[in-house]
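Observations on chain architecture
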Amino acid sequence: IPALATERRLAQRLREHLEEKQLLDRRYQLQQGPGGCVALPVLEEKLSQLCLPPEMPCELVWIQVGRAPLPQALHGAMRSQPHVPHPCSRTLLFHISWDGCVPGPVLWETVASALGARRIARRGRVLPDGMRTPSVTLLLGQDGWVEHVDNGIRYTFDVTKCMFSPGNITEKLRVASLPCSGEVLVDLYAGIGYFTLPFLVHAGAAFVHACEWNVHAVEALRRALALNGVQDRCHIHHGDSRQLELRDTADRVNLGLIPSWACRVLKKDTGGVLHIHHNVETPPAPTPVLPAEWGSPEAQHPMEDTGNKTVGARIRPEWQRWAETTALRIQGLLVELHGRPWHTRVLHIEAVKSYAPHVHHLVLDLECRPALP
């Protein structure tokens, strides 16, 4: 019932009418919805008696199925759904549409009880604010902090402040298998520790400098480092990574952009490896693929988009051109920065996921070494 100022009188008349005819189910509270709407629970067995005056601004949006009380009916319905996952944390985060009406706390407590969760949050669209801030409202519970275990690594974050990207799982697994023993790594876009933690926990990096400008992600990373017992091998640099003062430090750099300030952190005498993330456009028309021998033979297993999924495939020509162009650009930046020759070599191209139609999220492993005298 739209309960705006000009229609409140009609809404009150309808409510009195329903109560007088004993059509309301008094077991449930009235639910306040967006825009001042109110949902009135009408008894299913009384629907045949429901005669709504044409001038009444309302509509029937939901009918309770069965005569069992709401908690029992909801428990049975949710238990019977095989696709409902068991929550990996004690907070349940899901999409919901309720015909324009927002359910009250009794419903959320029932949902939480049915699924064994302690907290429930409503998720909206990620905000385009440069930090990919989630639009999440906590419906049940005191805070949004959750813990997620991925490949034996414990991640923690506040779902109302930070997002978690499950689409990067293949890259996190690959990073965890890299031989980084004794190396110093700089992660220029650390977030909540997507790659910082695998480098530390599984890849054996000696030390990681993690750069992040989102204060909420910094707090999440700090907690996760402690959870995994690697806080002594990581220093968090809170702020814009373009202002990072590190120089001549890294054996490896994880980055999403390729300006000169990213090259400055590589060790100037020995160089290192850059892991460059980028979204590369791939035309939809089928094109010939290149031999698997291009680049390092042992490292070739990128993926190809098929609909919304990725399957094993050889390197696409567009990916090769991007990799070669990037290698030349990085080589030029290093020569300009140090005033002497440098060599770059493509080690591997990894297709992480399909970012958008005909756009792939790729990672280029690029070896950068100063030329010998």
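Residues numbered from 1 in each chain as written. Predicted model: local features only at pLDDT ≥ 70, side-chain atom pairs only at ≥ 80, totals over all residues. Heavy atoms only, no water.

1. Side note on helix α8 (residues 317-338)
Between its terminal C-alpha atoms α8 stretches 32 Å, which fits the 32 Å expected from 22 residues at 1.5 Å a residue. Every buried residue of α8 is listed here: Pro-317, Glu-318, Trp-319, Gln-320, Trp-322, Ala-323, Thr-326, Ala-327, Ile-330, Leu-333 and Leu-334. Just downstream of α8 lies Gly-339, where phi reads positive at about 70°. (Helix = DSSP H or I, 4+ residues; strand = E, 2+ residues; numbered from the N terminus. Expected span 1.5 Å × (residues − 1). Buried < 20%, exposed > 50% of the residue type's maximum accessible area, 1.4 Å probe, protein only.)

2. Side note on the sheet that holds strand β9 (residues 207-212)
The strand order across the open sheet built from seven strands is β10-β9-β8-β11-β12-β16-β15, with neighbouring strands paired in mixed fashion. Strands with a single pairing partner mark the edges of an open sheet, and in this sheet they are β10 (234-238) and β15 (342-356). Here the average twist between neighbouring strands, direction ignored, is 15°. In this sheet, β10 lies alongside β9 in parallel orientation, the contact comprising five bridges. Residue pairing for β10: Glu-212 is matched across the bridge by His-238. Docked against the sheet, helix α4 (residues 169-176) engages β12 (272-281), β15 and β16 (359-370), running at close to 145° with respect to β15. (Pairing = 2+ DSSP bridges. Axes fitted to C-alpha atoms, helices over the stretch in contact; angles between N-to-C directions. Contact = heavy atoms within 4.5 Å.)

3. Points about the packing of aromatic side chains
Overall, the coordinates contain three aromatic pairs when judged by the stated rule. With centroids separated by 5.7 Å and ring planes inclined at 70°, the aromatic side chains of Tyr-155 and Phe-164 adopt a geometry described as edge-to-face. For Phe-164, a relative accessible area of 17% corresponds to the buried category. Linked through ring pairs, Tyr-155, Phe-157, Phe-164 and Tyr-194 together constitute an aromatic cluster. Over the ring of Tyr-155 we find Lys-172; its NZ or CZ atom is 5.1 Å from the centre of that ring. Between Arg-223 and the ring centre of Trp-145, over which it is positioned, the NZ or CZ distance is 3.6 Å. (Phe/Tyr/Trp six-rings, centres within 6.5 Å; stacked < 30°, edge-to-face > 60°. Lys NZ or Arg CZ within 6 Å of the ring centre and 35° of its normal.)

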